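Topology and contacts: notes
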Amino acid sequence: MRTESQPSETEIQQIFDRIAPVYDRFNDFLSLGQHRIWKKMALRWCEPQRGETWLDLCCGSGDMAALVANLVAPTGQVVGVDFSAQLLAIAAERSQSYGSRLQKCLSWQQGNVLALPFDDATFDGATLAYGLRNVTDIPQCLAELHRVLKVGAMAAILDFHRPSDRLAQAFQDFYLDRVVVPLADRFNMTEEYAYIAPSLARFPIGKEQVKLAQDAGFGQTKHYAIANGMMGILIIKKTA
Ligand SMILES: C/C(=C\Cc1cc(O)c2ccccc2c1O)CCC[C@H](C)CCC[C@H](C)CCCC(C)C
Ligand SMILES: C[S@@+](CC[C@H](N)C(=O)[O-])C[C@H]1O[C@@H](n2cnc3c(N)ncnc32)[C@H](O)[C@@H]1O
């Protein structure tokens, strides 16, 4: 797989600001709605509880934050953080259509997950869906996540994964190159979606993610490959 040099933070921010208008529809169409299942699977492994305060890093259009809010409502809180103003605006707009029970639990903050604007030990748990592969400094992201979590807190990190099975790998390559990018091309977003494949080629595999989480101080770490190995969920717990 060809790998390219990593884009800068500004370039990544611009990618997501540009794809914001089609982001949700593309995800639903291109994953046949499966990405919503994958997000729910991630939550089943970190179990947000009613009344807790959770952080959704790289929240984008707010999908995952809304799922967590449904579990911590009515007294809990979920803070979605992202540096894309365009996707955050969509998250805020979409949350207006949720019932007041959820709306009261959700808040949105523009910020950089590599320098979170929260005190140490603030959150009971966290989610990070399709964000770790897009940050420019994975160890710093995991260090910030560890800092703002309470001891005993869990986090679920969902992202693409490279299958070990050659056939699944070939399908993933085919799908990204011959389905995803051509569709994006029809909306003048070729480069934005062509970024996925090299970002995946650079992305640490499951056991490497476990090591990175352990190096960041997480005492319990487990990586699950799902969707025939094309996606992965890292479950981590702050134990000290
Ligand atoms: C929700 C998903 C991807 C989010 C996402 C992550 C990124 O890093 C991007 C970078 C640049 C542009 C867009 C994104 C982005 O949308 C996963 C589902 C959407 C995927 C684009 C579809 C790929 C699915 C699997 C490779 C194969 C699915 C097989 C089967 C048809 C379900
Ligand atoms: C693929 S989207 C994921 C959005 C959402 N979590 C989801 O599951 O659909 C990746 C998001 O990460 C955000 N992002 C990337 N690097 C970031 C950083 N350093 N700080 C804050 N947000 C960042 C992008 O703006 C984008 O919204």
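Residues numbered from 1 in each chain as written. Chains lettered and ligands numbered in written order. Predicted model: local features only at pLDDT ≥ 70, side-chain atom pairs only at ≥ 80, totals over all residues. Heavy atoms only, no water.

1. Details of the side chain of histidine 146
Checked against the element boundaries, histidine 146 lands in helix α6 (residues 138-148). A residue is classified by how much of its surface remains accessible, and histidine 146, at 14% relative accessible area, is buried. In this structure, histidine 146 is in contact with Ala216, Gly217, Phe218, Lys238 and Ala240, ignoring residues within four places of it in sequence. (Helix = DSSP H or I, 4+ residues; strand = E, 2+ residues; numbered from the N terminus. Buried < 20%, exposed > 50% of the residue type's maximum accessible area, 1.4 Å probe, protein only. Contact = heavy atoms within 4.5 Å.)

2. A few points about the pattern of salt bridges
When their charged atoms lie close together, side chains carrying opposite charge are able to pair. Per the counting criterion, the structure on display carries 12 salt bridges. A salt bridge links arginine 94 to aspartate 24, with the shortest nitrogen-to-oxygen separation between them at 2.8 Å. One end of the pair, arginine 94, is in helix α4 (residues 85-95); the other, aspartate 24, is in helix α1 (residues 9-30), and 70 residues separate them in sequence. The partner of arginine 162 in a salt bridge is aspartate 173, and the shortest N-O contact between them spans 2.9 Å. Linking arginine 162 in the loop between β5 (149-160) and α7 (166-185) with aspartate 173 in helix α7, this pair joins segments that are 11 residues apart in sequence. A relative accessible area of 17% places arginine 162 in the buried class. Residue class for aspartate 173 comes out partly exposed when judged on its relative accessible area of 22%. Within the structure, one salt-bridge network assembled from shared partners comprises Asp24, Asp28, Arg36, Lys39, Asp63 and Arg94. (Salt bridge = Lys/Arg side-chain N within 4 Å of Asp/Glu carboxyl O.)

3. So, the state of the cysteines
Enumeration over the complete set of coordinates arrives at zero disulfides. As a non-bridged cysteine, cysteine 141 has cysteine 58 as the owner of its nearest cysteine sulfur, 5.9 Å distant. (Disulfide = S-S within 2.5 Å.)

4. Brief notes about the sheet that holds β5
The seven strands are arranged β3-β2-β1-β4-β5-β7-β6 in an open sheet whose pairing can be described as mixed. Single-partner strands in this sheet number two, and they are β3 (106-110) and β6 (220-226). The sheet shows a mean angle of 15° between the axes of neighbouring strands, taken without regard to direction. Pairing between strand β1 (residues 53-57) and strand β4 (residues 123-129): four bridges, direction parallel. Bridge pairing in β4 places tryptophan 54 opposite glycine 125. Packed onto the sheet, α4 meets β2 (77-82) and β3 and runs at close to 165° relative to β3. (Pairing = 2+ DSSP bridges. Axes fitted to C-alpha atoms, helices over the stretch in contact; angles between N-to-C directions.)

5. A short note on the packing of helix α2 (residues 34-44) against helix α3 (residues 63-72)
Two elements in contact, α2 and α3, have axes whose closest approach is 10 Å; the angle formed by their N-to-C orientations is 45°. With respect to α3, the element α2 is oriented oblique. The two elements α2 and α3 cross, and the hand of that crossing is right-handed. Across the interface between the two elements, His35, Arg36, Lys39, Lys40, Ala42 and Leu43 of α2 pack against Asp63, Met64, Leu67, Val68 and Leu71 of α3. For the contact of α2 with α3, a count of residues per class yields six nonpolar, one polar and four charged. (Parallel < 35°, antiparallel > 145°, perpendicular 65-115°, else oblique. Left-handed = near helix turned anticlockwise from the far one by under 90°. Nonpolar A, V, L, I, M, F, W, Y, C, P; charged D, E, K, R; others polar.)

6. Points about the site of ligand 1
Neighbouring ligand 1 are 20 residues, the closest being Tyr23, Asn27, Arg133, Asn134 and Glu192. Side-chain polar atom of asparagine 27 to an oxygen atom of ligand 1: 2.7 Å apart, as the coordinates give it. Taken by itself ligand 1 offers 750 Å² of open surface, and the protein chains cover 95% of this. Mapped by element, the contributors of at least two residues to the shell around ligand 1 are α1, α2, α7 and α8 (190-194). With five residues, the single largest contributor to the shell around ligand 1 is α1. (Near = heavy atom within 4 Å. Polar contact = N/O pair within 3.5 Å; in protein donor to acceptor, adjacent residues only side chain to side chain. Areas by Shrake-Rupley, 256 points an atom, 1.4 Å probe, with all protein chains shown as cover.)

7. Some points on the packing of aromatic side chains
Within the structure shown, the criterion is met by six aromatic pairs. Between phenylalanine 26 and phenylalanine 187, the aromatic rings sit 5.2 Å apart at their centres with planes inclined by 80°, giving edge-to-face as the arrangement. Of this pair, phenylalanine 26 sits in helix α1 while phenylalanine 187 is found in the loop between α7 and α8, placing the two residues 161 residues apart along the sequence. By relative accessible area, which is 4% here, phenylalanine 26 ends up buried. We classify phenylalanine 187 as partly exposed; its relative accessible area is 41%. (Phe/Tyr/Trp six-rings, centres within 6.5 Å; stacked < 30°, edge-to-face > 60°.)

8. Let's talk about the site of ligand 2
Lining the immediate environment of ligand 2, one finds 18 residues, of which Tyr23, Cys58, Asp82, Asn112 and Ala129 sit closest. A distance of 3.2 Å is found between an oxygen atom of ligand 2 and a side-chain nitrogen or oxygen belonging to lysine 39. Protein chains bury 98% of the 600 Å² of accessible surface belonging to ligand 2 in isolation. Here the element with the most residues in the shell around ligand 2 is α1; it accounts for three residues. Looking at the shell around ligand 2 residue by residue, the classes come out as 11 nonpolar, five polar and two charged.

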